[in-house]
Structure formats: C-alpha cells, structure tokens
Amino acid sequence: MAPNAVAVSAPGKVLLAGGYLVLDRAYTGLVFGLDARIHVIVQDIATRNGVTLNEIIVTSPQFQDAVWEYGYRLTERDGGIQVTPLRVDATLKLNRNVFVETALGYTLTYIASITTPNVTPASITILADNDYYSTPTSLSAKSGAAPRFHNLGVPISKANKTGLGSSAALVTAFTAALLTYYLPKETIDLSTDSGKRKLHNLAQASHCAAQGKVGSGFDIASAVYGSCLYKRFSPDILSHHVEPGQPKFASQLRHIVDETDEADRWDTEIRKDEVKLPKGLRLVMCDVSCGSQTPGMVKQVLAWRKENADEANAIWQDLQNANDSLAKELRALAESDTRQSYEHLKQGFARIRELIRRMSERSGVPIEPSSQTELIDACEAIPGVVGGVVPGAGGYDAISLLVEDNETTLNELAKLLSGWTFKSEASGQPGDGRVSMLDVREEMVGVRAEDATSYQG
Ligand SMILES: Nc1ncnc2c1ncn2[C@@H]1O[C@H](COP(=O)(O)OP(=O)(O)OP(=O)(O)O)[C@@H](O)[C@H]1O
Ligand SMILES: C[C@@](O)(CCOP(=O)(O)O)CC(=O)O
C-alpha cells in the first residue's frame, strides 16, 4: 500500500417504506443504510519496469475482466476534465464501466473547477462486501472461513446482485475517495456537514448521468448519510447542465455541487434523527433468487397513477400516513425505557402491506405478488418476527423483515427459509427459486473514511 493511500467506504440501502411515493416530492421514503459496504482505495500508481504510467487505473479484483484504464485531459472552453477509456490490450474490445467512468469524469471536473488541478496518475481499487452478490454454490460449499471479499470469478455483468444498491454505494465511495485523495482537508472535509452536502450533490449528479435518468436518489442519500427519512430533490436541478466536455460544463457542475447561488440550492430533505431502531430489534434482508424481475415496474405504476389520479393519490396519502406512523412508533420505542410492546409496529406493517397490495391490484403491477404475500405471512407467523414488507420497488427480488435480535428468532427464520421453495407467478414455474437470509443489518452511519492499510493482503 502506497504511503499516501486513502480509503473510503459507503453503505448499501433498503427502502423499507415509501417505494414509488419517494419519486414525488410530496412524499417521503424511510430508508435504512445496510452494513454491506463498498470500499474504494486510491493510491499512487506503481511504476511498470521503471516507467510511470500517465493514467488512472481502476480495478475491481473480485470480478473477471474488471480493469478499466483511463487517460484524462483538461478540455478547452471550461468543458472540464475529459476521461477517455483506454484499451488494456489493442486486440481487446473496449470494456466499459459507465458508473466508474462517469464518476471519474465528474469528480475530476469538479476538482479542476475549484482548484488548479494537479491530477496525478493513480490506481483505484474497488472492493464490495460479500452480500452485494449471491454467493455462488461453489464458494458456499468450500469449508473454512469465508474471505472478507469473495472472488466471484465472473464478469460483473454475470454476478447475481442482491439489490443492495451497489452502484450508488460505489459512486459515493469512489467520489469521496477521489475528493479526499486530490484535495486538501481545508478545501473539502467529508466529516463535516458541508463536505457531505457537496459529496451528496456531486454523487447524485454523476449517478443520474450514469443511469441515464433522474431517479429519486434515495440510494445516494443513504450512501452518504446512512439511515434517514428522505425527501427527494426537484429533478430540474440536474436537468439543465450540458454534457461533459461541452463548453461551460465545469462551471455548471461547480454551481450544482457548491450551490453558489440561491437559485442553485438543492431542496432535498434528509432527516437523520427521525429514523431510529429500538434496542433489541434488527432488520433482516432476504434475497429471493428466482430471476423473474418484471421490467418497467416504475413506468407502469406511474402511468397508472397518471390515468387514475384521484384513486392513486388517495392510496399514496394513506401509505404516507402509514409509513409516517411506522417511523414514529420506531422512534417512540427507541426513545422509551418502558414501552416494549410491538403491537403498534405489527399493525403498522399490516397497514402498509394492505395498501401496497391495493397499489399492486389497482395498477396491475406485481409489487407484492401473491408468492411474496405467502412468504412474508409465513415469516410473520414466527414468534419474534415483528413484520415484513417488499422493499423498494417490490416484485419478486427480496423481502425485508423487522425481527427481535435473538438467536431463537434468527434460527427459526433460517429454518423456514431453507425449506422454502419460491413460486414465481411470472415464470409460472412452481418451486423455481430459493430464499436466503443475507448477513446484513441496518447501518446508521453513511460514508466513512477507512484505514487504507486494513485492506492489505
Ligand atoms: N464492485 C463493483 N466494481 C465495479 N463496478 C461496480 C461494482 N458494483 C457495481 N458496479 C457498477 O454498478 C453497476 C450495477 O448497477 P445497477 O444500478 O445495475 O445495480 P444496483 O445499484 O446494485 O441496483 P439495485 O438498486 O437493484 O441494488 C455495474 O454494472 C457496475 O457498473
Ligand atoms: C420505485 C422506487 O421508488 C424505489 C426503487 O427501489 P429499489 O431499487 O427497488 O431498492 C424508485 C426510486 O425511488 O428511484
């Protein structure tokens, strides 16, 4: 590890309540960070045969073919720093990673827009905690302690994601690591509110650009701030800037990140102290691997809402009230020394699920399909399980549970899930999916500086 190495990590996410609603500024999302993190280490590039490479090399060593090399140059007319993917071998097809490439271009451009840049060549390593991907059977069968970071042995595009928001955690940790590496602490300090706010703005901008759409941004918010109650930003903030490399891109990006004018101010609301988890309870995430996610669910739900505004708005408002009540009850229990009954929480989950099923039925989109209803009902029947939901956009991918944090409950749950064969209506094949409990739980802390030497070896 080079002596100037810096390392930063950012957490994954689960939108426990507020899927679809959070796309609209009139509503909020209850989002928990998760203790599966993506880590990014930046250091001097090692010389090869005495030659210093004038480039930035990014590697993600858990995957096959996961090396991306970039040249970079300052463009004319305030277009920012343009990064150009280089071919690792002239005979190979160009292998691109749009999230890495975009975050690199945006971050270097921001750095160049606030300082006289001294962008030295660098080597960047990305490491993902194991629960971002389903563990391949070949690895789970191996005896002995699992390595801290699995080598998945396949290209990233072939790995089975568990839906914890890898791209948002990656973009956040990557952006934060570059800012820390290239800028002095007096210019940006990510342990301060103002440093975090700039990181948030920059990471939202590049994540949206890489995704090719302006989503609600709850995943970047939780990667930066950890668990929070989230109200989105007005999409306008990110829809007027020119493309990277175009004249004035650099100044426009600086205004977006630094909020230089009142008119540039982000209207995002992030309320951290309104999200608490009572002592003795924890979140459990279950990955449903039946490979039948319905594409375009967000589009379909929004189209239905547009056509059926009155009915949809009534459901949206009822859900917002139910979500607020759940967050409030969690806070009340967390802050009280005496109240220990989970009855209100149970009712809260039941009400949220009832409304999500109504949303599902009315829009015709399988947000809580009947196979997920069966699974959550079975989990809720276990003593110690307080409640469950389909998180985020819902569908067949995952369920989230709030449970009492004790061995008996977790063992009972593991027993139920290991024998569960998941039936996906989408594929029509009964018993074609397994359900596994991920080794993750809620995480209150967002982006975090790490000790770079802890990744050695
Ligand atoms: N460990 C990693 N190393 C390099 N790139 C990564 C890594 N993890 C994620 N990425 C980038 O993020 C992309 C995956 O982003 P995508 O938005 O499809 O998934 P996600 O963020 O995990 O989604 P979800 O919100 O469903 O959890 C990958 O194709 C790659 O570009
Ligand atoms: C449906 C939506 O509200 C949540 C999607 O969450 P997830 O990717 O399923 O965790 C979309 C969004 O907020 O960007």
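Predicted model, so just to flag it, every value in this text is computed and none were measured. (Residues numbered from 1 in each chain as written. Chains lettered and ligands numbered in written order. Predicted model: local features only at pLDDT ≥ 70, side-chain atom pairs only at ≥ 80, totals over all residues. Heavy atoms only, no water.)

**Remarks on the side chain of Asp-287**
Logical step 1: With respect to the helices and strands, Asp-287 occurs in strand S9 (residues 281-289).
Logical step 2: Here Asp-287 sits buried without a salt bridge, and the closest side chain of opposite charge, Arg-434, lies 7.5 Å off (N-O distance).
Logical step 3: Separated by 3.1 Å, the side chains of Asp-287 and Ser-134 make a polar contact.
Logical step 4: Excluding anything up to four places from it in sequence, Asp-287 contacts Ser-134, Thr-162, Asp-397, Arg-434, Val-435, Ser-436 and Leu-438. (Helix = DSSP H or I, 4+ residues; strand = E, 2+ residues; numbered from the N terminus. Buried < 20%, exposed > 50% of the residue type's maximum accessible area, 1.4 Å probe, protein only. Lys, Arg positive; Asp, Glu negative; His and termini not counted. Salt bridge = Lys/Arg side-chain N within 4 Å of Asp/Glu carboxyl O. Polar contact = N/O pair within 3.5 Å; in protein donor to acceptor, adjacent residues only side chain to side chain. Contact = heavy atoms within 4.5 Å.)

**Considerations on the domain arrangement of the protein**
Logical step 1: Here the domain parsing of the protein yields domain 1 (6-272 + 445-455) and domain 2 (281-441).
Logical step 2: Taken residue by residue, the interface counts 22 residues in domain 1 and 28 residues in domain 2.
Logical step 3: Taking both sides of the interface into account, the surface hidden between domain 1 and domain 2 amounts to around 2,200 Å²; carbon and sulfur atoms contribute 66%.
Logical step 4: For domain 1, the biggest contributors to the area lost against domain 2 are Leu-16, Tyr-20 and Tyr-27; these three give 33% of the whole.
Logical step 5: A salt bridge links Arg-305 to Asp-24; its shortest N-O distance comes to 3.0 Å.
Logical step 6: Inspection of the region where domain 1 meets domain 2 yields seven residue pairs in polar contact (both at pLDDT 80 or more).
Logical step 7: Of all the secondary-structure elements, those providing two or more residues to the side of domain 1 that touches domain 2 are strand S1 (6-17) and strand S2 (29-44).
Logical step 8: The residue makeup of the side of domain 1 that touches domain 2, split by class, is 13 nonpolar, six polar and three charged. (Domains from an automatic or database assignment. Buried area = accessible area lost by both parts, 1.4 Å probe. Nonpolar A, V, L, I, M, F, W, Y, C, P; charged D, E, K, R; others polar.)

**A look at the pairing of strand S11 (residues 398-404)**
Logical step 1: Most of S11 is tucked away: six of the seven residues are buried.
Logical step 2: In terms of strand pairing, S9 meets S11 through seven bridges, oriented antiparallel. If you follow Asp-287 over to S11, its bridge partner there is Ala-398. (Pairing = 2+ DSSP bridges.)

**Here's the deal with the nonpolar core**
Where a protein is soluble and globular, its nonpolar side chains tend to be buried together.
Logical step 1: If you look at the biggest cluster of nonpolar residues, it comprises 134 residues, and the most contacted ones within it are Phe-174 and Trp-316.
Logical step 2: Per element, the largest residue contribution to this core is 12 residues, and it comes from helix H3 (residues 166-182).
Logical step 3: Other than its neighbours up to four places away in sequence, Phe-174 contacts Val-40, Val-58, Val-100, Ala-103, Leu-104 and Ile-124.
Logical step 4: Membership of the second largest hydrophobic core comes to seven residues, among which are Ala-5, Ala-7, Phe-149 and Tyr-455. (Core = buried A, V, L, I, M, F, W, Y, C linked by side-chain atoms within 4.5 Å.)

**Looking at the environment of Gly-18**
Logical step 1: Its location among the elements puts Gly-18 in the loop between S1 and S2.
Logical step 2: Taking the C-alpha atoms as reference, Gly-18 lies 27 Å from Asn-130; in sequence the two are 112 residues apart.
Logical step 3: Excluding its chain neighbours within four sequence positions, the residues that come into contact with Gly-18 are Thr-28, Gly-29 and Asn-323.

**Brief notes about the packing of aromatic side chains**
Logical step 1: Taken as a whole and judged by the stated rule, the model has six aromatic pairs.
Logical step 2: Arranged with centres 5.2 Å apart and planes meeting at 75°, the rings of Phe-63 and Tyr-133 form a pair that is edge-to-face. Of this pair, Phe-63 sits in the loop between strand S3 (56-59) and strand S4 (67-74) while Tyr-133 sits in the loop between strand S6 (122-128) and helix H2 (137-140); the two residues are 70 residues apart in sequence, bridging distant segments of the chain. Here the two residues Phe-63 and Tyr-133 agree in accessibility, since each one is buried.
Logical step 3: Between the aromatic rings of Tyr-106 and Phe-249, the centroid separation amounts to 5.2 Å while the plane-to-plane angle is 75°, which identifies the pairing as edge-to-face. Separated by 143 residues along the polypeptide, Tyr-106 in helix H1 (residues 98-114) and Phe-249 in helix H6 (residues 249-258) bring together distant segments of the chain.
Logical step 4: Classification of Tyr-106 as buried rests on a relative accessible area of 3%.
Logical step 5: Directly above the ring of Phe-233 sits Arg-232, whose terminal nitrogen or CZ lies 5.0 Å from the centroid. (Phe/Tyr/Trp six-rings, centres within 6.5 Å; stacked < 30°, edge-to-face > 60°. Lys NZ or Arg CZ within 6 Å of the ring centre and 35° of its normal.)

**Observations regarding the packing of helix H4 (residues 193-211) against H6**
Logical step 1: Between H4 and H6, the least distance of the axes is 8 Å, while the angle of their chain directions is 130°. The orientation of H4 relative to H6 falls into the category oblique. For the pair H4 and H6, the contacting residues are Lys-198, Asn-201, Leu-202 and Ala-205 in the first and Leu-253, Ile-256, Val-257 and Asp-258 in the second. (Axes fitted to C-alpha atoms, helices over the stretch in contact; angles between N-to-C directions. Parallel < 35°, antiparallel > 145°, perpendicular 65-115°, else oblique.)

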